[in-house]
Amino acid sequence: MKNQPFIRGEQYSKAIPLEEFLPAYRSGVVSSWLNHLPSRPDLVISPFGDSPLEALEAAAAGYRVVVPIHNPITRFLLNRLAHKISKAELNTALVRLASSYKGKERLKPFILSLYETECPHCGRLISARSFTWSRSKGEPVRKTCLCSDCGEPSETPVSQEDLKKALTFKENSPSHARALTRVAAPNDPVRFQAEGALRTYPPRTVYALFTILNKLTGFDLTPEERINLEMLLLHAFYRCSSIKSSLILEKESGKSTDDDIFREENVWFALEEALGIWENGQNSVPVVTWPDLPPGSGGISIYPGRVRDLIPKLKGLDFGAVLMVFPKPNLSFWALSALWTGWLWGQEAAASLRNILSLQNLDWVWLTRAIKSTLSELKEILPPGVQCFGLLPNLEIAYLISVGTAACATGFTLTDIAVDPDLPQGQIICTAGEQSAAAPTTKTMKEIIRSAGFEFLKAAGEPKHTLSLYSAGLASIASEQVLLQSEEENLADIYNQLNKNFEESIAYRQGFLHFSKSETWWHQELSLSPDPHSDQVEQALVNHLVKNSSPLLEVDIYTHLYEKFPGLETPQLGLIEVCLKSYAEKTGGNQSRWVLKSSDQPSNRRQDIQEIDGILSQLGNQLGFDIKKSAPIGNILNLVWHDNGKTSYTFYISASGILNKIITVSDNPMVNCWIILPGSRAELIHYKMENNNPLAETIQNSWGLIKYRHIRRIADEGGLTKDNLRERLALDPFTSDAPQLPLI
Ligand SMILES: [Zn+2]
């Protein structure tokens, strides 16, 4: 492994059209990777074509990207997002639509009237924002309103009138028939899938959408107006599907939702919402259609078809880098895409999606095959040594194993793997045609996974997340080249076998201990390290903050840490965040910056430690203990109180959240051991203990943690005796400042 630093990127600050169905791309990732390549690539290929945001970012950064996009919806999205989009322009189109006629009535009031209901506050008739349906009852149960009259928001049960109104719309209406025919002819075998996708829309929604779509065909529009209205409609299609509404409900409640519930959105309000969703103040990126190539200043060439049809045409072109957002099973998006394509551009346009729709199950095995076949073909046209950067958004185990299987089985050399289970994101780099000549190992796959897991935990010195452990196993499999020989075998078997090998190797029977709450693993033959990974990260962050007196850009702090801890050592976002909050404060301004808290300036902390040392020495003397200073551990002071020659109390006074150095100092069980720390470390220590069960157990069994302030208070209050000392020390438990209690 070459240890490429992880690239965090930023979450988009603005909503993105069709967001829930797109790979969770974080801005800044691919441009940062491309900008750090040893030489600037002439052309870049993005073979999977599922992530318009990735291609757009690379093009905006001045790279020339070739991307095959088979899905007309994704193609439309990329084409539109490549242009500057103004809300005013979109609104002009919407106003034209709103004022067209449905019979004798204008379209907007007509659509709004479909959702007409009484405001629960003022009783006026208004248009509801949405209705929440119960699938089992087959009817709406609640309504959400924002009154256009009294301005009150509300969420209340539906009335008899609401019910009656909703249930007048039926699934066998002419609108439904038209909605299907626009996608596939009645005898078309994929009609079944189209029907399935259509069922994610409540009948009233289909009626409203098709009333609007009918306007689009019988309407004198300029090409720009038509495209603008298509954009607005596409958002409404997306927003109003109940698949999308369950995704939203899930996000809002933070847990997977009741399958029985879905939301019926008001189609007109969805169109209005689309204005803000599409608005985009970015500079335009040139987009051309293959075989045209983008200009030298950067841009995108879209091949409107499948990657396998494109690759043979690419021979002779000089691709210097590959960007891959690996696909995930996403059959509902494909099915909806077919529906939307038909609705917007007719049966013929939708026909291109027929193959993918006829798949029975688009699962991980299918994807592993698809990824492998793309990579194999890609290998044929790439010059040796070209780097391929792969992103695995919303990382999960099956995804990791699928991509790993495909990459290794094609003979790509996996040179880097970095994951952050908190984001959760994976990043890999592989190169084509650069296999080392090393003889394949005689070790079994299980032995490799087991020993990689063990060595990984040993090096970390603390428990690690399942995804990190599996990544370490995969990295080892790649470097031992055990999958390379298996090209003739059935890929499904390889994928399933690899899954099984992981499950059986990273397992209790092999000595691994699993802590399900933190989803971490440890090994029973390992003991806690005095210098575990998380303590090293904390130390590195503090050193960096101390060295810089002016506020540091948050993104630069992360980059610094990722460079210090690259590849499999990538620190989790949660750890960095909690360390930052403990030691630093955010300063104002557009971009997040952090500066060391004044209380954490080394000189102030030295003073604190001296002060606590003084207080404790005085207390000890008053109580008649014999006080000895043992050798400090770095900056950590160690006081031992003796009574009649026997050790009664041991105190460590520290300024950091680093505990392992202290608790691993002696193998002998110790009595009355206390660690005294600043209260501002509470959350950090809580985090460490939550993610490190052996540490939490040791602390809870043998150690007491005390805040500086508690020592000061005890001294102020007086009344201490040898008998009540222990009890008084324990009065203000350290974790009381932590956000969640109890500890474990
Ligand atoms: Zn009202």
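Everything numeric here is computed off the predicted structure, so don't read it as measured data.

Visitor: Tell me what's going on with the overall build of the protein chain, and back it up with residues and numbers.
Guide: In terms of helices and strands, the protein chain carries 30 helices and 27 strands. On the principal axes, the C-alpha backbone points of the protein chain span a range of 100 × 75 × 50 Å. Buried residues in the protein chain amount to 44% of all 744 residues. A separation threshold of at least 6 residues defines the contact pool for the protein chain, and within that pool the share at least 24 residues apart is 71%.

Visitor: Describe the nonpolar core, naming the residues involved and giving the relevant values.
Guide: Counting residues in hydrophobic clusters, the biggest one holds 215 residues, and the most contacted among them are Ala236, Val322, Ala338, Leu339 and Ile676. Once residues lying within four places of it in the same chain are set aside, the contact partners of Ile676 are Ile612, Phe651, Tyr652, Ile653, Ile706, Tyr708 and Ile711.

Visitor: Tell me about the sheet that holds strand β24 (residues 636–643), residues and numbers included.
Guide: On the basis of which strands lie adjacent, the open sheet formed by five strands has the order β23-β24-β25-β26-β27 and mixed pairing. Looking at which strands have only one partner, the edges of the open sheet turn out to be β23 (626–633) and β27 (703–707). Averaged over all pairs of adjacent strands, the angle between strand axes in this sheet comes to 25°, irrespective of strand direction. Bridge analysis of β24 against strand β25 (residues 646–653) gives seven bridges, and the strand direction is antiparallel. Counterpart to Leu637 in the pairing with β25 is Ile653. Against the sheet, helix α29 (residues 708–717) touches β26 (673–677) and β27, its axis set at about 80° to β27.

Visitor: Kindly report on the pairing of strand β13 (residues 319–325), identifying the contributing residues and their values.
Guide: In terms of burial, β13 is a largely internal element, seven of the seven residues being buried. Pairing analysis gives three bridges linking strand β1 (residues 43–45) to β13, with the strands arranged parallel. In the sheet register, Val44 faces β13, and the bridge partner there is Ala321. For β13 and strand β14 (residues 387–393), the ladder comprises five bridges, and the chain directions are parallel. Note that in β14 the partner of Val325 across the bridge is Leu391.

Visitor: I'd like to hear about the sheet that holds strand β11 (residues 287–289), residue by residue, with values.
Guide: Strand order across the open sheet formed by eight strands is β11-β12-β2-β1-β13-β14-β16-β15, with mixed pairing between neighbours. Both outer strands of the open sheet, β11 and β15 (413–420), are each paired with one neighbouring strand and no more. Adjacent strand axes in the sheet meet at a mean angle of 20°, parallel and antiparallel pairs treated alike. Across the sheet, helix α18 (residues 397–409) is in contact with β14, β15 and β16 (425–431); its angle to β14 comes to roughly 160°.

Visitor: Give a description of the pairing of strand β10 (residues 261–265) that names residues and reports values.
Guide: Within β10, four of the five residues are buried, which leaves it mostly tucked inside the rest of the structure. Pairing between strand β7 (residues 130–134) and β10: five bridges, direction antiparallel. Following the sheet pairing, Thr132 is matched in β10 by Arg263.

Visitor: So what about unusual backbone geometry? Which residues, and what values?
Guide: Most peptide bonds adopt trans geometry, and most residues besides glycine take a negative phi value. Each neighbour pair has its own omega, and for Trp290 with Pro291 the value is 10°, a cis peptide bond. Secondary-structure assignment places Pro291 in the loop between β11 and β12 (299–303). Note the cis peptide between Leu423 and Pro424, where omega equals -25°. For Pro424, the position within the fold is in the loop between β15 and β16. Even without glycine at this site, Leu18 takes up a positive phi of about 60°.

Visitor: Tell me what's going on with helix α23 (residues 554–564), and back it up with residues and numbers.
Guide: Turning to α23, its buried residues number three or more, namely Ile557, Tyr558, Leu561 and Tyr562. The buried residues of α23 occupy one face: seen down the axis, they fall within an arc of 130°. Along its buried surface, α23 packs onto α22 (533–547), β20 (552–553), α24 (573–583) and β22 (593–596).

Visitor: Describe the packing of helix α4 (residues 87–98) against helix α12 (residues 267–278), and please don't skip the residues or the numbers.
Guide: Close contact between α4 and α12 brings their axes to 9 Å; oriented N to C, the two are set at 160°. When the axes of α4 and α12 are compared, the pair comes out roughly antiparallel. Read as a crossing pair, α4 and α12 show a hand that is right-handed. Residues Lys87, Leu90, Asn91 and Leu94 of α4 lie in contact with α12, whose contacting residues are Leu271, Leu275, Gly276 and Trp278. Along the lines of polarity and charge, the residues of the contact of α4 with α12 split into five nonpolar, two polar and one charged.

Visitor: Which residues make up the packing of helix α8 (residues 191–198) against helix α14 (residues 331–345), and what are the values?
Guide: One can describe the packing of α8 onto α14 by two numbers: an axis separation of 9 Å at closest approach and a directional angle of 95°. Classified by the angle between their axes, α8 and α14 sit roughly perpendicular to one another. Facing α8, whose interface residues are Gln193, Ala194, Gly196, Ala197 and Leu198, α14 presents Ala335, Leu336, Ala338 and Leu339. The residue inventory of the contact of α8 with α14, partitioned by class, reads seven nonpolar, two polar and no charged.

Visitor: Go over the environment of Ser376 with me, naming the residues and quoting the values.
Guide: Within the secondary structure layout, Ser376 lies in helix α17 (residues 364–381). For the pair Ser376 and Ala409, spaced 33 residues apart in the sequence, the C-alpha separation amounts to 9.0 Å.

Visitor: If you had to explain helix α2 (residues 52–60) to someone new, which residues and values would you point to?
Guide: Within α2, eight of the nine residues are buried, leaving the element largely enclosed by the surrounding structure. Those residues of α2 not exposed but buried are Pro52, Leu53, Glu54, Ala55, Leu56, Glu57, Ala58 and Ala59. One or two positions beyond α2, positive phi appears at Gly62, with a value near 100°.

Visitor: Which residues make up the environment of Asp258, and what values do they have?
Guide: On the secondary structure map, Asp258 appears in the loop between α11 (242–253) and β10. Taking C-alpha positions, Asp258 is 23 Å from Glu195, a pair spaced 63 residues apart along the chain.

About the thresholds
Residues numbered from 1 in each chain as written. Predicted model: local features only at pLDDT ≥ 70, side-chain atom pairs only at ≥ 80, totals over all residues. Helix = DSSP H or I, 4+ residues; strand = E, 2+ residues; numbered from the N terminus. Buried ≥ 20, exposed ≤ 12 C-beta atoms within 10 Å, placed from the backbone. Contact = placed C-beta atoms within 7 Å. Core = buried A, V, L, I, M, F, W, Y, C linked by C-beta atoms within 7 Å. Pairing = 2+ DSSP bridges. Axes fitted to C-alpha atoms, helices over the stretch in contact; angles between N-to-C directions. Arc of directions from axis to C-beta. Parallel < 35°, antiparallel > 145°, perpendicular 65-115°, else oblique. Left-handed = near helix turned anticlockwise from the far one by under 90°. Nonpolar A, V, L, I, M, F, W, Y, C, P; charged D, E, K, R; others polar.

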